[in-house]
Amino acid sequence: MRAGVFDSGVGGLTVVKSLIEKKIFKEIIYFGDTARVPYGVKDKNTIIRYSLEAVEFFKNFNIDILIAACNSVSAYAIEEMREVAPFKVVGVIEPGVKALQRKIDDKNAKILILGTKATISSKKYEKLLIKEGFNNLISIAPSLFVPIVEEGIFKGEILEVTMRHYFKNIENPKAVILGCTHFPLIKDEIQKYFKSAALIHSGEAIVEYIKSNYGYDKNFSKTDLKLFASENPENLKRVARLWLKG
Ligand code: DGL
């Protein structure tokens with residue numbers, strides 16, 4: 001089984017980490033559109049156009065499934081990608097909602113959705129959650145988290161001040177959806193802030209979703225990873241060495 005993983009940049013490596021840990025693919029081809037990151041501040045049509053170009057890239061590989069690790073792509077471009085792709089295409093939003101449902105029974109529970117501006121303004125998480133009966137939703141776009149994580153800051157004062165800035169009016173959510181590829185890297189700090197909240201991680205959610213919806217439950221001895229970037233692939237490889245270790 002060979003999967004493609006697509007992200008706007010390096011962030012989708014947090015999803016790759018979960019996929020590699022669970023060894024459900026023999027090979028992963030990763031493409032990060034590092035020349036045009038961030039997607040999360042771009043409009044819908046631009047995100048769709050870039051995503052369709054990524055589908056063309058993946059047509060060069062014999063992949064079984066393409067995982068759009070990027071929440072902003074998942075918010076806007078999955079249907080359009082499916083129309084032109086000769087392989088399956090799956091985003092991370094629906095799996096995230098399913099993962100939340102597995103953890104939270106109470107439909108009145110306060111759910112905090114974190115994502116980029118694009119993801120939050122698409123209201124995709126909200127629509128799916130409302131359809132499932134959840135009625136106490138708060139959505140915010142803590143945009144500064146993305147450059148902070150890219151700077152390699154995963155804890156400490158800068159992150160704490162930034163969390164206080166975004167979270168100051170939010171009390172005790174029952175669950176927090178980490179609806180952006182970068183946020184799993186600061187999940188320990190988010191967990192310290194919202195101590196009793198269940199955190200929903202796109203990578204873990206997609207593994208469960210792929211296993212149950214597509215029956216990908218093989219356990220390969222290891223997963224080979226090939227990395228491609230539209231700019232500066234050396235940086236992607238450097239970040240992969242850092243984030244995927246351990
Ligand atoms: N990969 C993006 C996402 O998950 C975050 C970075 C960006 O804005 O491109 O929405």
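Please read these numbers as outputs of a predicted model, since none were measured by experiment. Within each chain, residues carry numbers counting from 1 in the order of the written sequence. Per-residue local features are limited, in this predicted model, to residues with pLDDT of at least 70; the limit for side-chain atom pairs, both in listing and counting, is 80 or more; totals at the level of whole chains, interfaces and linings are taken over all residues. Only heavy atoms go into the side-chain values, all of them from the structure, while hydrogens and water stay out.

Chemist: Just checking my understanding: could you explain the nonpolar core for this structure?
Modeler: Note that soluble globular proteins tend to have their nonpolar side chains buried in a common cluster. Leu13, Leu19, Phe25 and Phe167 are the most contacted members of the largest nonpolar core, which has 48 residues in total. Whether two residues are in contact is decided by their heavy atoms: any pair within 4.5 Å suffices. What phenylalanine 167 contacts, discounting residues up to four positions off in sequence, is Leu112, Leu114, Ile140, Phe145, Tyr193 and Phe194. Definition of nonpolar core: a set of buried residues of the types Ala, Val, Leu, Ile, Met, Phe, Trp, Tyr and Cys, connected through side-chain atoms within 4.5 Å. Accessibility here uses a 1.4 Å probe with only protein chains present; expressed as a share of the type maximum, an area under 20% marks a residue as buried, one over 50% as exposed, and anything in between as partly exposed. Grouped together as the second largest cluster of nonpolar side chains are 41 residues, Tyr50, Ala75, Ile120 and Ala175 included.

Chemist: What is the right way to look at the layout of surface pockets in this model?
Modeler: Here the largest pocket defines a volume of roughly 420 Å³. Along its surface, the largest pocket is lined by 17 residues, and Lys17, Pro184, Lys187, His201 and Glu204 are the ones closest to its centre. At the level of secondary structure, the elements contributing two or more residues to the lining of the largest pocket comprise helix 1 (13–22), helix 10 (187–193) and helix 11 (202–214). Per element, the largest residue contribution to the lining of the largest pocket is five residues, and it comes from helix 1. In this classification, Asp, Glu, Lys and Arg are treated as charged, Ala, Val, Leu, Ile, Met, Phe, Trp, Tyr, Cys and Pro as nonpolar, and every other residue, Gly included, as polar. In terms of residue class, the lining of the largest pocket is made up of five nonpolar, three polar and nine charged. Of the two site types, the cavity is a set of points on a 1 Å grid over the protein atoms alone where a 1.4 Å probe fits but cannot get out, and the pocket is an open set with protein on both sides within 12 Å along at least five of seven lines, each lined by residues with an atom within 4 Å of a point. Grid points are joined across faces, edges and corners, and a volume is the space filled by probe spheres set on the points. The helix count covers DSSP runs of H or I at least four residues long, the strand count covers runs of E at least two residues long, and both are numbered beginning at the N terminus.

Chemist: Hey, could you run me through the side chain of histidine 182 in this one?
Modeler: With respect to the secondary-structure elements, histidine 182 resides in the loop between strand 7 (175–179) and helix 10. Separated by 2.8 Å, the side chains of histidine 182 and glutamate 150 make a polar contact. Polar contacts, as used here, are pairs of N or O atoms within 3.5 Å; protein pairs need one atom able to donate a hydrogen and one able to accept it. Residues neighboring in sequence count only if both atoms are side-chain atoms. Engagement of the side chain of histidine 182 in a polar contact is seen with the side chain of threonine 181, the distance being 3.0 Å.

Chemist: Would you mind going over the site of the ligand with me for this structure?
Modeler: When at least one non-hydrogen atom of a residue lies within 4 Å of a molecule or strand, that residue is treated as near it. Close to the ligand lie 13 residues, the nearest being Asp7, Ser8, Tyr39, Gly40 and Ser72. Side-chain polar atom of aspartate 7 to a nitrogen atom of the ligand: 2.8 Å apart, as the coordinates give it. A distance of 2.9 Å is found between a nitrogen atom of the ligand and a side-chain nitrogen or oxygen belonging to threonine 181. Its free accessible area being 290 Å², the ligand has 98% of it covered by the protein chains. Here the open area of atoms and residues is found with the Shrake-Rupley method and a 1.4 Å probe, where only the protein chains shown may cover a residue.

Chemist: Hey, could you run me through the pattern of salt bridges in this one?
Modeler: Between side chains of opposite charge, pairing is possible as soon as their charged atoms come close. Any carboxyl oxygen of Asp or Glu within 4 Å of a side-chain nitrogen of Lys or Arg constitutes a salt bridge here. Scanning all chains against the criterion turns up nine salt bridges. Where glutamate 27 meets lysine 226, a salt bridge forms, and the shortest distance between an N and an O atom there is 2.5 Å. Taken together, the positions of glutamate 27 in strand 2 (residues 27–32) and lysine 226 in strand 9 (residues 224–229) put the pair 199 residues apart, joining distant regions of the chain. On the basis of relative accessible area, glutamate 27 is assigned to the buried category, the value being 11%.

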